[in-house]
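Architecture at a glance
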Amino acid sequence: MEIKKKCRYGEKFPHLFSPIRIGNIRMKNRIICAPTSPSMIDLNGHFTPEMIAYLEEKAKGGAGVVTYGEAIVHSATGKSHNKQLQLDAFGVRQGMTEAARAIHNAGAYANIQLSHGGMYGGLASVGGDVDTCKVAYGPSHMQMPAGEVQEMPRELIYEIIESYKKAAKLCKETGFDMVQVHAAHGWLFSQFLSPVWNRRTDEFGGSFENRARFFLLALDAVREGVGPHFPIEARISGDDFSEIGLNLEDCTRLAKMIDGRVDLINVSCGNHEDPAMFCRTHPSAFFPRGVNVYLAAEIKRHVKTPVACVGSLNEPAQMEEILASGQADVVELGRASLADPYLPDKAAYGCEEDITPCLRCYECFGATGELEMVKCAVNPVMGEQLADRFAKSAPKQRKKVLVAGGGPAGMEAAITAAKRGHDVTLVEKTDQLGGNLHPAGAAYFKEDIRKLITVLENRVKEAGVKVEFHTEVTPEYVKAFAPDALFVAIGSRELRPPIKGLDGEHVVMAVDAELHPEKLGQKLIILGGGLVGAEGAVGFAHEGKECVIVEMKPEIAMEVNSFYRGGLMPQVEKAAVCHVNTKVKEVLPEGVLCERDGKEFVIAGDTVVCALGFASPYDKVDALADLVDEYHIIGDCRKVGKIYDAVNNGYYSALLV
């Protein structure tokens, strides 16, 4: 990606782009791409070309260090995900060498996280549901919901310590510049540190020093494997936020124990196995950005080793302030580097307004499990970097392109087509671009979507797209315009099922409710408990409304990926009374007549919000598409979907023109 440089490198954010020495490497800036481990690994536990291309693009974007996450040091006991890089797998060296070289050749240092799942090596977990290890070994014998855990024998502990040494040595030999030892998030060392899970009576249990012994011995083994100057990063919690784990005081004590043993202390938090806590470890939109930075700041007060912070950081100005105020020495970016791998260079050269914001929707996490790859709602190239390496052929002719509709699909198509050299006109029937991003971004916790609208609007202008507002693209308009290529991006229409009374004056459609909350009474009955209804309830309750959700399905927001749902549902439960397995029979002046288990009852309310879904207007789509030889149907009018579908569809369709 070519970035238009608006200032000298690092001029706007001097602390963020100042160099720092970590062991024997000198980082060109204070940005590390945090450990991520999408499932683009083959069944032998090796890197795939897709995985290497994914890492390479992060390096191209200007980060000082790029980290691969959760590489398993002892596959027989520690493989916690269905597909993971296995550092003890035969033939793993080639892919590792290629990955390190690709990162180097793109301008960054290569880091790799050494991990072991502990008991989750043999139990189904958020990491994976395939039980690949014969026995689940943890600090002590216990019965977990997913199965029985055996106490890890002392001989196995020392075998795993040796595996950390071998793995670290391998990483160095294959060209990696750093290793990170993972001791957070409920994996192996986190389990041994737990005063609840660890009930051992040998040298690895009891006192805090004993519970930390496994981790410290592993760090010493890693140091022996890589030598005195090779950088070692340790990821620890600042607080486990759990009765089974450590608090900030405990974690500070642990940091003091590793001070001087490692070259960088990465402070995270939480536990992956609690869905609500997962959304604090990887903060959801319900938390402020940088919510976990204070943990790193506190630990930094007690150690001499440089400290790195994490926590859904996305804004260069915030990162600059964190570093300038001494809260941390390094910032690590996870999802932000997927939404926009070029965030570092954009910030470095004064183009921060063009950074694509991460929506914190967990589309990336969901794809890792569901599709065994990675994708991003706002970055259509994410997961497709290997194919993107090959330049798209230039258009054979400059075309007159008409884009009907200015939602996310229409904007992305217009931007992409214009960048390819076409003469693009975008026609929008309202007075603004963004389409359904506006109601989707209306709630208090959807600031990221509002930022996305602004970024896309600016790109439309920068690309030279001509925009016409207050105009609906009709068949007559298409005939008069006579485009060489037409993009039909006219969106969807809200469903209003034939329920008696649903046309009443006190019924407000969901989009209207989000955009015009002044139309709502105090007591809301939301028909439909999908994502729109669930998020609507959270937003309305935040504004002081009393909310009830009525949903036919057995659960609220069933279609939402489990990672986002883990953070959403606690908010929904606080915001609304939920009636599931419930059918709406009639909308009454005083509320809604419902039926559940053969019994009828009335829910009283002032306003009924209809959030019963959307439908594609195929009749209008066909009427437009029939008029031209080249057409592309994109966004919700093609198939009602998510932001990912709209952006991805718009981008790749425009590459065909």
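Heads up: the structure comes first, above all this text.
So, a few notes on the structure that sits alongside this text. (Residues numbered from 1 in each chain as written. Predicted model: local features only at pLDDT ≥ 70, side-chain atom pairs only at ≥ 80, totals over all residues. Heavy atoms only, no water.)

Within the protein chain, the secondary structure is distributed over 23 helices and 28 strands. Taken over the C-alpha trace, the protein chain has a radius of gyration of 26 Å; the compact-globule value for 657 residues is 26 Å, and the two agree within 12%. Based on the C-alpha atoms only, the size of the protein chain along its principal axes is roughly 75 × 65 × 45 Å. Every one of the 657 residues in the protein chain was classed for burial, and the buried ones make up 61%. Put simply, 70% of the contacts in the protein chain that link residues at least 6 apart link residues at least 24 apart. Carbon and sulfur atoms provide 50% of the accessible area of the protein chain, an area that totals close to 26,300 Å². Put simply, the protein chain has 72 plus and 87 minus side-chain charges, and the middle of one group is 4 Å from the middle of the other. (Helix = DSSP H or I, 4+ residues; strand = E, 2+ residues; numbered from the N terminus. Rg over C-alpha atoms; globule rule 2.2 N^0.38 Å. Buried < 20%, exposed > 50% of the residue type's maximum accessible area, 1.4 Å probe, protein only. Contact = heavy atoms within 4.5 Å. Areas by Shrake-Rupley, 256 points an atom, 1.4 Å probe, with all protein chains shown as cover. Lys, Arg positive; Asp, Glu negative; His and termini not counted. Charge placed at Lys NZ, Arg CZ, Asp CG, Glu CD.)

Now for the pairing of strand S3 (residues 31-36). The buried count for S3 comes to 6 of 6 residues, which makes it a mostly enclosed element. Here S3 runs beside strand S4 (residues 65-72); their pairing, made up of 3 bridges, is parallel. Paired with Cys33 across the bridge in S4 is Val66. Following the chain from S3 across helix H1 (residues 49-60) to the adjacent parallel S4, one finds a crossover that is right-handed. (Pairing = 2+ DSSP bridges. Right-handed = clockwise from strand over helix to strand, strands pointing away.)

What follows is about empty space enclosed by the protein. Applying the stated criterion across every chain, the model contains 4 cavities of 30 Å³ or more. In this model, the largest cavity occupies a volume close to 80 Å³. As for the largest cavity, its lining consists of 13 residues, of which Cys358, Leu359, Cys361, Cys364 and Cys376 are closest to the centre. Those elements that provide at least two residues to the lining of the largest cavity are helix H11 (336-339) and helix H13 (363-370). For the lining of the largest cavity, the class distribution of residues is 10 nonpolar, no polar and 3 charged. Each pocket or cavity is described by its volume, and for the second largest cavity that value is around 70 Å³. (1 Å grid on protein atoms, 1.4 Å probe; cavity = no way out; pocket = protein on both sides within 12 Å on 5 of 7 lines; lining within 4 Å. Points joined across faces, edges and corners; volume = space filled by probe spheres on them. Nonpolar A, V, L, I, M, F, W, Y, C, P; charged D, E, K, R; others polar.)

What the 8 strands build is a closed barrel, ordered S3-S4-S5-S9-S10-S11-S12-S13; its pairing is parallel. With direction set aside, neighbouring strand axes in the sheet form an average angle of 30°. The strands touched by H1 are S3 and S4; relative to S4, the strand with the most contacts, the crossing angle is about 150°. (Axes fitted to C-alpha atoms, helices over the stretch in contact; angles between N-to-C directions.)

When its volume is computed, the second largest pocket comes out at roughly 1,500 Å³. Taken together, 41 residues form the lining of the second largest pocket, with Met1, Glu2, Lys346, Asp354 and Lys419 sitting closest to its centre. Counting only elements with at least two residues in the lining of the second largest pocket, the list comes to H1, helix H14 (385-388), helix H15 (408-419) and helix H17 (447-462). A per-element tally of the lining of the second largest pocket places H17 first, with 5 residues. Residues of the lining of the second largest pocket, tallied by class, amount to 17 nonpolar, 5 polar and 19 charged.

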